[in-house]
Amino acid sequence: PAPPEIPAGVWAGEGARLTVTAEGGSLVLDCAGAALAPPLTLDAEGRFDLAGWWEHRGGPEPYARREARFGGLLRGDRLTFTITLAGAGETRGPYELELNGGGRRPVLCR
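Below, the structure is looked at part by part. As the structure is a computational prediction, the values presented were derived from the model and not from experiment. Within any chain, residue numbers begin from 1 and follow the written order of that chain's sequence. In keeping with the predicted nature of the model, local features appear solely for residues at pLDDT of at least 70, side-chain atom pairs appear and are counted solely at 80 or more, and the whole-chain, interface and lining totals rest on all residues. Water and hydrogen atoms play no part in the side-chain values, which are based on all heavy atoms of the structure.

**Section: the sheet that holds strand β6 (residues 65-75)**
Link 1 in the chain: Ordered in space as β1-β2-β3-β4-β5-β6-β7-β8, the 8 strands form a closed barrel in which the pairing is antiparallel. Going from strand to strand, the sheet's axes swing by 30 degrees on average, the running direction of each strand aside.
Link 2 in the chain: As paired strands, strand β3 (residues 24-29) and strand β4 (residues 32-36) are joined by 5 bridges and run antiparallel to one another. Among the inter-strand pairings, Leu29 is bridged to a residue of β4, identified as Ala32. Between any two strands, at least two bridges found by DSSP are needed for them to pair. Put simply, DSSP marks the helices as runs of H or I at least four residues long and the strands as runs of E at least two long, and each gets a number from the N terminus on. Axis definition: a line fitted to C-alpha atoms, over the contacting stretch in the case of helices. Angles run 0 to 180 degrees between N-to-C directions.

**A closer look at the pattern of salt bridges**
When the charged atoms of two side chains with opposite charge come close together, those side chains can pair.
Link 1 in the chain: A carboxyl oxygen of Asp or Glu within 4 Å of a side-chain nitrogen of Lys or Arg is what we treat as a salt bridge. With the rule as written, the count across this model stands at 7 salt bridges.
Link 2 in the chain: When the shortest N-O distance is used, the salt bridge between Arg65 and Glu55 registers 3.9 Å. A residue pair is termed long-range when its members are at least 10 positions apart, and Arg65 in strand β6 and Glu55 in strand β5 (residues 47-56) qualify at 10 residues.
Link 3 in the chain: The exposed category is assigned to Arg65, whose relative accessible area is 53%.
Link 4 in the chain: Residue class for Glu55 comes out buried when judged on its relative accessible area of 14%. Here the term buried applies to any residue with accessible area under 20% of the maximum for its type, exposed to any over 50%, and partly exposed to those in between, with areas from a 1.4 Å probe on protein chains only.

**Remarks on the environment of Ser26**
Link 1 in the chain: Along the polypeptide, Ser26 turns up in strand β3.
Link 2 in the chain: Linking Ser26 and Gly52, residues 26 residues apart in sequence, is a C-alpha distance of 9.8 Å.

**Some words on the nonpolar core**
Link 1 in the chain: The biggest cluster of nonpolar side chains holds 24 residues, and the ones touching the most others in it are Ile6, Phe70, Leu79, Phe81 and Ile83.
Link 2 in the chain: At the level of secondary structure, the elements contributing two or more residues to this core comprise β2 (16-21), β3, β4, β5, β6, β7 (78-85) and β8 (91-99).
Link 3 in the chain: No other element matches β7, which puts 4 residues into this core. Here, nonpolar core refers to any group of buried Ala, Val, Leu, Ile, Met, Phe, Trp, Tyr and Cys residues whose side-chain atoms link them within 4.5 Å.

**Some points on the packing of aromatic side chains**
Link 1 in the chain: Each Phe, Tyr or Trp ring (for Trp, its six-membered ring) is paired with any other whose centre lies within 6.5 Å, and the angle between the two planes then decides the class: stacked below 30 degrees, edge-to-face above 60, tilted in between. The full count for this structure, using the stated rule, is 1 aromatic pair.
Link 2 in the chain: We call a charge positioned over a ring when the NZ of a Lys or the CZ of an Arg lies within 6 Å of the ring centre and within 35 degrees of the ring normal. Residue placement shows Arg65 over the ring face of Trp53; its charged tip is 3.6 Å from the ring centre.
Link 3 in the chain: Arg92 extends its terminal NZ or CZ atom over the ring of Trp54, reaching a point 4.8 Å from the ring centre.

**Digging into the pairing of β5**
Link 1 in the chain: In the sheet, β4 pairs with β5 via 5 bridges, with the strands oriented antiparallel. What sits directly across from Ala32, in β5, is His56.
Link 2 in the chain: Alignment of β5 against β6, held across 9 bridges, turns out to be antiparallel. Its bridge partner lying in β6, Gly52 is registered against Ala68.

Spelled out as structure tokens, the structure:
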């Protein structure tokens, strides 16, 4: 059988919204965006370590797309993860999202 994957749908929490489809994941964060490359597979314990990219949007920093790793854990309808940016190993998060969850919408900086 195929390994389990992060279920499709909209995952949301404080300052983050992840939309999961068969094409991967699209993530909106405060003043940033990111994408997770498919497949969004999980191990037997619900852990994941996925490739993708992260991009700062707005503020004093220029737009800069960087490779990133998304690592975390799925437990029921709760998804917790951090983002590690390529290069210096900078991290963002942790983020805690809930399937069909609420929370504050991310700030879309220009």
